[in-house]
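Breakdown of the fold
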Amino acid sequence: MKNQQLRALEFWEKNWHSGVPLKIKRLARDPERFIWAVSIAQSRCINMQVRIGALVQDANMLIPYADMLNHSFQPNCFLHWRFKDRMVEVMINAGQRIRKGEEMTINYMNGQQNQMLMQRYGFSSSVNPWDSIPFSGNAHVHLDSFLSVFNISGLPGEYYHNSQLADKGDNFVDGAVITAARTLPTWSDGDVPLIPSMERKAVKELQEECQQMLAQFPTTSAQDQKLLESMPEARRTLETAIKYRLHRKLFIEKVIEALDIYQERILF
Ligand SMILES: C[S@@+](CC[C@H](N)C(=O)[O-])C[C@H]1O[C@@H](n2cnc3c(N)ncnc32)[C@H](O)[C@@H]1O
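This one's a predicted model, so the numbers in the text were calculated from it and none came from an experiment.

In this section: the UniProt feature "domain: SET" (unreviewed entry) in the protein chain. The UniProt feature table records "domain: SET" (unreviewed entry) at residues 1-109. Taken end to end, residues 1-109 comprises 30% helix and 33% strand; its first and last C-alpha atoms sit 17 Å apart.

The following block contains the structure:
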């Protein structure tokens, strides 16, 4: 975020010379106000891939009405665009039936980790399926077994929870577990059977790595939660920063829990 601010500041310093029209000067009269304005514009921009001929471009657009939609990793709407009368027309399509009073959501950025959501939109999530965990790669769990325990289908870049295979009401699998499937070091060797004791050892080592990651934070997730509850009047930036680190911890804790469940379900 600091880098983003520096970039905005550099832009300001380079471009706000005496020749700039008065109107613009009034809108962003000092660097602080300019940085604020850039952040506001960025947080209301929506990223769309626009194909023009053979060229696919990432377009960041300010789209009235669409900018009122909040983000979800399981959105019920998506944006659709087309050229009309030499303009781009953007439509909000519902991907499913939406009941009266239900919130409409879209996915702001597919494939991006929390730090990018934070930088662009000022929030994070503990169930971002695109986050990652930097495991050392020394311990490995059996990929197909892990996937089947959690009814995860698809290819690594597109894993999804196959709810038709899951028991009714079982909603343990979320983005954190999908990320675990994608980023846990795994092995897969055709029909070679699992050796329970080795698999259990690997699970333990991976959980220990997760615990080490958690130990590097100055606070625990319970302490963060207490902090948030005890400071209802906290500045927005402070609250967001605490939530950001809390989300990371909740995420790692969920992976530890998923490994526990994996062990229980696969080995006995
Ligand atoms: C395009 S606006 C969405 C509409 C906005 N909530 C409003 O009331 O105008 C994007 C901003 O909404 C908030 N936001 C959207 N989705 C969110 C989510 N899932 N969790 C937390 N904040 C979210 C963030 O502050 C973000 O910068």
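The next subject is the pattern of salt bridges. Note on pairing: side chains with opposite charge can pair once their charged atoms come close. Inspection of the entire model under this criterion finds 10 salt bridges. Residue Lys84 is joined to Glu89 by a salt bridge in which the shortest nitrogen-to-oxygen separation is 3.8 Å. Owing to a relative accessible area of 40%, Lys84 belongs among the partly exposed residues under this scheme. In this structure, Asp131 engages Arg248 in a salt bridge whose closest nitrogen and oxygen atoms are separated by 3.3 Å. Taken as a pair, Asp131 in the loop between helix 4 (114-121) and strand 7 (141-142) and Arg248 in helix 9 (residues 236-267) lie far apart in primary sequence, 117 residues in all. A relative accessible area of 3% means that Asp131 is categorised as buried. Judged by its relative accessible area of 22%, Arg248 is partly exposed.

The next point concerns the side chain of Thr183. Along the chain, the position of Thr183 falls in helix 6 (residues 175-183). Looking at Thr183, the relative accessible area reads 19%, which means it is buried. Not counting residues within four places of it along the chain, the set of residues in contact with Thr183 comprises Asp131, Ser132, Ile133 and Phe135.

Rules and cut-offs
- Residues numbered from 1 in each chain as written.
- Predicted model: local features only at pLDDT ≥ 70, side-chain atom pairs only at ≥ 80, totals over all residues.
- Heavy atoms only, no water.
- UniProt positions renumbered as here; feature names shortened; annotations may be inferred.
- Helix = DSSP H or I, 4+ residues; strand = E, 2+ residues; numbered from the N terminus.
- Salt bridge = Lys/Arg side-chain N within 4 Å of Asp/Glu carboxyl O.
- Buried < 20%, exposed > 50% of the residue type's maximum accessible area, 1.4 Å probe, protein only.
- Contact = heavy atoms within 4.5 Å.

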